[in-house]
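Report on the structure
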Amino acid sequence: MGTGTIVYLVSRLLVVALAAFLAIVLWSRTRDLAWMLIVIGTIASYADILFDLLVQFGLLDEAGFSPFGIPLGRILFANLPYLFFAAAFVVMILRKRVR
């Protein structure tokens, strides 16, 4: 693994860690479902980066999450944040439509 890859992953980790920290602070101050889903999506994004780092550094074997050659761990962690974001947007759309 080259220096560029390490800098890229660590910079992503730091930026998303800041976003996750601020999301957790917001979580304690809001009870709005849409915002809660955005917070959970941000935390899931942090989990995605942690999973990537653990695989890249060899601390986690991705093959353990790959039944039949399908990388379920990578697919799950890459898409989970966006599923939560999409759910938050649906909640906001439905909220605006109902009123």
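Relevant structure appears above.
Counting restarts for each chain, with residues numbered from 1 along the sequence as it is written. It should be noted that, the model being predicted, local features are given only for residues of pLDDT at least 70 and side-chain atom pairs only at 80 or more, the latter also being counted only at that level, while totals for whole chains, interfaces and linings use all residues. Where side-chain values are given, they derive from all heavy atoms of the structure, hydrogens and water being excluded.

Moving on, we get to the packing of aromatic side chains. For Phe, Tyr and Trp, where Trp contributes only its six-membered ring, two rings pair if their centres lie within 6.5 Å, and the inter-plane angle classes them as stacked under 30 degrees, edge-to-face over 60, or tilted in between. This model, assessed by the stated rule, comprises 2 aromatic pairs. Each ring, one from Y82 and one from F85, has its centre 6.1 Å from the other, and the planes form 75°; the classification is edge-to-face. Of this pair, Y82 and F85 are both found in helix α3 (residues 72–98), 3 residues apart, which corresponds to roughly one turn of the helix. Burial classification: accessible surface area is computed with a 1.4 Å probe over protein chains only, and a residue below 20% of its type maximum counts as buried, one above 50% as exposed, and the rest as partly exposed. The class of Y82 is exposed, set by a relative accessible area of 56%. Numbering of helices and strands starts at the N terminus; helices are DSSP runs of H or I of at least 4 residues and strands are runs of E of at least 2.

Attention now moves to helix α2 (residues 33–56). Expected helix span is computed as 1.5 Å times (number of residues minus one). Under the 1.5 Å per step criterion, the end-to-end length of α2 is 35 Å for 24 residues, consistent within 8% with the ideal 34 Å. Of the residues flanking the end of α2, it is G58, one or two places downstream, whose phi is positive at about 80°.

It is worth spelling out the environment of A17 at this point. If you trace the backbone, A17 turns up in helix α1 (residues 3–27). Taking relative accessible area as the criterion, A17 reaches 26% and is therefore assigned partly exposed. Spatially, the C-alpha atom of A17 lies 13 Å from that of F51, the residues being 34 residues apart in sequence.

Over its 25 residues, α1 extends 35 Å from the first C-alpha to the last, a length consistent with the 36 Å expected when each residue adds 1.5 Å. All of the buried residues along α1 are L9, L13, V16, A20 and A23. Any two residues whose heavy atoms approach within 4.5 Å at even a single point are treated as in contact. Where α1 is buried, its residues contact α2.

Attention now goes to the environment of L22. Mapped onto the elements of the fold, L22 is located in helix α1. Distance from L22 to T42, taken between C-alpha atoms, is 9.6 Å for residues 20 residues apart in sequence.

Relative to the elements of secondary structure, T42 occurs in helix α2. Taking relative accessible area as the criterion, T42 reaches 14% and is therefore assigned buried. Residues contacting T42, with those up to four places away along its chain left out, are V16, A19, A20, A23 and F85.

Let's shift gears to the nonpolar core. As used in this record, nonpolar core signifies buried Ala, Val, Leu, Ile, Met, Phe, Trp, Tyr and Cys residues forming a set joined through side-chain atoms within 4.5 Å. One finds L9, L13, V16, I49 and L53 forming the largest nonpolar core, which totals 5 residues. Only α1 and α2 provide two or more residues apiece to this core. In terms of residue count, α1 provides more of this core than any other element does, 3 residues in total. Residues contacting V16, with those up to four places away along its chain left out, are T42, S45, Y46 and I49.

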